[in-house]
Amino acid sequence: MTAKKIDGRAIAKDIREAVKADVAAMVAEGYNPPGLATVLVGEDPASQVYVRMKHKACEEAGIKSFQHKLPATSTQEEVEILVKELNADPEVHGILVQLPLPDGMDDEQVLNAISIEKDVDGFHPLNIGRLAQKGREPRFVPCTPNGCIHLLKTSGIELEGANAVVLGRSNIVGMPVALLLVEENATVTICHSRTRDLEAKCREADVLIAAVGRPEMVRGDWIKPGAAVIDVGVNRVDDETAKRGYRLVGDVAYEEAQQVAGHLTPVPGGVGPMTIAMLLRNTVRSAKVAYSE
Ligand code: GUN
């Protein structure tokens, strides 16, 4: 069997085009374009790349973006003051504080300072809390987890009653994607560093989501034949033949997985583009709500 590639770039492109059309329609009606503010604290190279990509995507969609960079030496209070200023700015409909924050900073406090109406990243404790409760609707759902679910649904993968295994329990991906899978009526197992017999757990998965940040950890023989595999990992591995001296690989050994899985996302070009597409979509939704109030 050769797995069908889930083309995140193509699926994200459709969303971005729909977002762009929505923005154009809003502007044609006389509204200001939606606005996204990003807050980057420190100089983490990967975060700098992600934030840059988010701004470029905003520009392409006609969304106004505001970039705020603070030094790693900033105090917690300085970051929270900036967030509160953005809460009060009518041009800003979405606020994204890029994670991780520098060591010693309390990310829960910072995320808690974001106005829930502008929490387009979906990480405000209230949004996450609602996601974890039956019958409660978060205003926004975190972008990468939502992107994973969208990829599965668009590919026609049945989630209801499926055995879904999530590798990793991070606040950014593992835990929220597990909650979203529960909402889709999947039977969910969350695996982590203390899980016993991890490979056997993975082999039971109809849907396997790998979000651990370990290059090519999931081998072909960990995968149930025909399973849908979503690889969230983006890992740099040294490669002298590559121009930059490294290449990007996922948490899944792609070539091996391709021989066994039914559907598989590549890295890059799988989940990554979806994160940005979902962020743009959330920002436009936020602006629409603001303009309808
Ligand atoms: N760091 C890694 N992924 C994300 C994300 O989706 N949002 C934010 N704010 N930080 C991240």
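First, a word on what this report is: a plain description of the structure on this page.

**Points about the site of the ligand**
Now for step 1: Surrounding the ligand, one finds Leu96, Val97, Gln98, Leu99, Asp121, Phe123, Thr144, Ile172 and Thr275.
Now for step 2: A distance of 2.8 Å separates a nitrogen atom of the ligand from a polar atom in the backbone of Val97.
Now for step 3: At a separation of 2.9 Å, a nitrogen atom of the ligand approaches a polar backbone atom of Leu99.
Now for step 4: Across the complex, the protein chains shield 87% of the 280 Å² of accessible surface that the ligand would expose by itself.
Now for step 5: Under a 2 Å grid-point criterion requiring more than half of the atoms, the pocket assigned to the ligand is the largest pocket.
Now for step 6: Broken down by class, the residue content of the shell around the ligand amounts to 5 nonpolar, 3 polar and 1 charged.

**So, the sheet that holds strand 7 (residues 207-210)**
The strands making up a sheet associate through backbone hydrogen bonding, with each pair oriented either parallel or antiparallel.
Now for step 1: Judged by pairing direction, the sheet is parallel, and its 6 strands sit side by side in the order 1-11-8-7-5-6 without closing on themselves. With partners counted over all chains shown, the strands left at the sheet margins are strand 1 (4-5) and strand 6 (187-191), one partner each.
Now for step 2: Sheet topology places strand 1 next to strand 11 (residues 263-264); 2 bridges connect them, and they run parallel. Across the sheet, Lys4 pairs through a bridge with His263, a residue of strand 11.

About the thresholds
Within every chain, residues take consecutive numbers counted from 1 along the sequence as written. Local features in this predicted model are restricted to residues of pLDDT 70 or higher, and side-chain atom pairs are both shown and tallied only at a pLDDT of 80 or more, whereas totals for entire chains, interfaces and linings draw on every residue. Values shown for side chains rest on all heavy atoms present in the structure; no hydrogens or waters enter the calculation. We define proximity as follows: a residue is near a molecule or strand when any one of its heavy atoms falls within 4 Å of that partner. By the criterion applied in these results, polar contacts are pairs of N or O atoms within 3.5 Å in which, for protein atoms, one can donate a hydrogen and the other can accept it, and in which residues neighboring in sequence qualify only through two side-chain atoms. Note on areas: these come from Shrake-Rupley sampling with a 1.4 Å probe, and a residue is covered only by the protein chains present in the view. Buried and open spaces are told apart on a 1 Å grid over the protein atoms alone, a cavity being a set of points where a 1.4 Å probe fits but cannot get out and a pocket being an open set with protein on both sides within 12 Å along at least five of seven lines. Residues with an atom within 4 Å of a point are the lining residues. Whether a molecule lies in a cavity or pocket depends on its atoms, and more than half of them have to be within 2 Å of the grid points. Under the convention adopted here, Pro, Cys and the residues Ala, Val, Leu, Ile, Met, Phe, Trp and Tyr are nonpolar, Asp, Glu, Lys and Arg are charged, and Gly plus all remaining residues are polar. For two strands to pair, DSSP has to find at least two bridges joining them. Only DSSP runs of H or I with at least four residues qualify as helices, and only runs of E with at least two residues qualify as strands; both kinds are numbered from the N terminus onward.

Any functional reading would require information beyond the geometric quantities listed.
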